[in-house]
Amino acid sequence: MEYNQGYMPGEVVYVIIRNPHVQGVANVQEAAVVADPDNGNELALFLYDTYYPLTEEVAVYRSEQEAEHAYQVAFGTEGSEGLHG
């Protein structure tokens, strides 16, 4: 499935990713758009030393502020000031 929405290899983007060990924990993470090493005709996200397909199933944001806002809308952070972890 080809999906690139104008992204270019080398571009830095932001995604909201869940912790695979604790499903209730998610955070905004910086990722790089790269050529998919398994399919040179498609793009991938390089994140945590792993390649992830860049598909329309992944919410990708061009700025950290956009991603943080989407995170707050999706997970709600009101009342959590001062909490860490």
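Residues numbered from 1 in each chain as written. Predicted model: local features only at pLDDT ≥ 70, side-chain atom pairs only at ≥ 80, totals over all residues. Heavy atoms only, no water.

A few points about helix α1 (residues 64–75)
Reasoning step 1: In a regular helix each residue adds 1.5 Å, so 12 residues correspond to 16 Å; α1 covers 16 Å between its end C-alpha atoms and thus fits that length.
Reasoning step 2: Regarding α1, the residues found buried are Ala-67, Ala-70 and Tyr-71. For α1, the buried positions fall inside an angular range of 105° around the axis, keeping them on one side. Within α1, the exposed residues directed more than 90 degrees away from the buried face are Gln-65, His-69 and Val-73.
Reasoning step 3: Residues of α1 that are buried make contact with β1 (12–18), β2 (26–35) and β5 (60–61). (Helix = DSSP H or I, 4+ residues; strand = E, 2+ residues; numbered from the N terminus. Expected span 1.5 Å × (residues − 1). Buried < 20%, exposed > 50% of the residue type's maximum accessible area, 1.4 Å probe, protein only. Arc of directions from axis to C-beta. Contact = heavy atoms within 4.5 Å.)

Observations regarding the sheet that holds β2
Reasoning step 1: Strand order in this open sheet of 5 strands is β4-β3-β2-β1-β5, and the pairing throughout is antiparallel. Both edges of this open sheet fall to β4 (50–53) and β5, since each of them pairs with a single strand only.
Reasoning step 2: Of the pairings in the sheet, the one linking β2 to strand β3 (residues 43–47) comprises 4 bridges and is antiparallel in character. Opposite Val-33, over in β3, you have Leu-45 as the bridge partner.
Reasoning step 3: Docked against the sheet, α1 engages β1, β2 and β5, running at close to 20° with respect to β1. (Pairing = 2+ DSSP bridges. Axes fitted to C-alpha atoms, helices over the stretch in contact; angles between N-to-C directions.)

Notes on the layout of surface pockets
Where empty space is left in the structure can be found by rolling a water-sized probe over the atoms.
Reasoning step 1: Of the pockets and cavities examined, the largest pocket occupies roughly 210 Å³.
Reasoning step 2: Lining the largest pocket, in full, are Val-15, Ile-16, Ile-17, Leu-45, Leu-47, Tyr-52, Pro-53, Thr-55, Glu-57, Val-58 and Ala-59.
Reasoning step 3: Counting residues per element, the ones that place at least two in the lining of the largest pocket are β1, β3 and β4.
Reasoning step 4: By residue number, the principal contributor to the lining of the largest pocket is β1, which donates 3 residues.
Reasoning step 5: Grouping the constituent residues of the lining of the largest pocket by class yields 9 nonpolar, 1 polar and 1 charged. (1 Å grid on protein atoms, 1.4 Å probe; cavity = no way out; pocket = protein on both sides within 12 Å on 5 of 7 lines; lining within 4 Å. Points joined across faces, edges and corners; volume = space filled by probe spheres on them. Nonpolar A, V, L, I, M, F, W, Y, C, P; charged D, E, K, R; others polar.)

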